[in-house]
Amino acid sequence: MNFTHTEDRRMLADSLNRFVSEQYGIEQRNHLAYGAEGHSPALYAQFAELGAIGALFPEAVGGFGGSGFDISVVFEALGRGLVAEPLLGALVVGQALIAAGTEAQKRQLDDIIAGSAIAALAHDEPGSHYELNKVTATAARTATGWVLNGAKSVVAFGEKADLLLVSARTAGGMFDTAGISLFLVDGKAAGIAKRGYSRMEGGRAAELTFENVQLAEDALLGAEGQGHGVLEHVQGFALLALAAEALGAMDVAKQNTLEYLQTRKQFGVAIGSFQALQHRMADLLLEVEQVRSTVINAADAIDNAQGTQREKMLSAAKYTVGSVGTLVAEESIQMHGGIGMTWELPLAHYAKRLIMIDHQFGDEDHHLARFMALAQA
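Residues numbered from 1 in each chain as written. Predicted model: local features only at pLDDT ≥ 70, side-chain atom pairs only at ≥ 80, totals over all residues. Heavy atoms only, no water.

With an unreviewed UniProt entry as reference, the chain is termed Crotonobetainyl-CoA reductase, source organism Comamonas brasiliensis. In UniProt, the chain has this text filed under Sequence similarities (unreviewed entry): "Belongs to the acyl-CoA dehydrogenase family." Recorded in UniProt for the chain, the comment headed Cofactor (unreviewed entry) runs: "FAD". (UniProt positions renumbered as here; feature names shortened; annotations may be inferred.)

Let's talk about the UniProt feature "domain: Acyl-CoA dehydrogenase/oxidase N-terminal" (unreviewed entry) in the chain
In the UniProt entry, the feature "domain: Acyl-CoA dehydrogenase/oxidase N-terminal" (unreviewed entry) is given for residues 6–108. Taken end to end, residues 6–108 is 64% helix and 0% strand, and its two terminal C-alpha atoms sit 29 Å from one another. (Helix = DSSP H or I, 4+ residues; strand = E, 2+ residues; numbered from the N terminus.)

Considering unusual backbone geometry
Positive phi is not limited to glycine here, since Phe157 has a value of about 55°. As for its position among the elements, Phe157 is in the loop between β3 (145–156) and β4 (163–169). You can call Phe157 buried: its relative accessible area is 5%. Look at Phe267: it is not a glycine, yet its phi comes out positive at around 55°. Secondary-structure assignment places Phe267 in the loop between β9 (265–266) and β10 (269–270). (Buried < 20%, exposed > 50% of the residue type's maximum accessible area, 1.4 Å probe, protein only.)

Overview of the side chain of Lys152
With respect to the helices and strands, Lys152 occurs in strand β3. At 3.2 Å, the side chain of Lys152 forms a polar contact with the backbone oxygen of His123. Here the side chain of Lys152 touches Ser167 through a polar contact of 2.9 Å, landing on its backbone oxygen. (Polar contact = N/O pair within 3.5 Å; in protein donor to acceptor, adjacent residues only side chain to side chain.)

Given below as structure tokens:
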């Protein structure tokens, strides 16, 4: 099988990498990522103009890509620059609209692709542990639609989101797969309380509380009580995106470490000439290539696999980037010595992002257990 990127994808990757290197340097990135907004609305609009958001979706809904390899190209470039913009939310909510939305609901993709609207998934809850089926927020029918109550945790860019995709239980018990419904909620709707905060690796997240939020009948996305399947479907896109982002970050951390070993001298020679460090660096290079293979497999699975096979490949990718990401972060810092922990060195921020990617949409332990369960099934 030929995994060479098409000319269009190579051009997109080149454009994104060049834009990130020129406009999203580490000092500018840190100023934005750790600032009050957590990102730059102006730069987000420029990413949209470059096609970074449109590449995540098929032509039928206004994009110009949408394949697994299109998604991996975009997020690998974002990972190389530690880009703290809300593209992951755009991908997840957009794919949910494609999978289950009505024609009227799908029109909201226009603003998402244009970069004029921030979208966010509000699914995780206080005390949850990555389970897609654990939902205690509730939505009850009213004469005019629905009333939404509950709380959601660590909603990426939930503070500023224009469109929230919220999971709520319309039937069943806390852990039942059936009975979960999805709702499209205006981020500024009355009854939503938000407590925003900066994430440790940059960007913003929020704790959201919904108190008697009134929703119209057409806020329901897909069939009532059948939201779990949609959540699992869109989680797959998030797993691929995070794996590709991690690969981009690992490539930079690896290259920076290699350059440091070739230039830092002790006893009059470059420390890269020491055999112990050569062995550690060789192991690191092999592990990063293993991640590259799992990202390729995951991108192919998004396009060509279904059911259990699709989910196994995606969980395998997320498990691998969680395990290797920790290794790359630790080894890169250790081989840099004390300087590796300093704020001024970009590597420290790459290490933090690699560690935190492991905790988004399920850590390595969660996905190892999920892979084993899927294999037995």
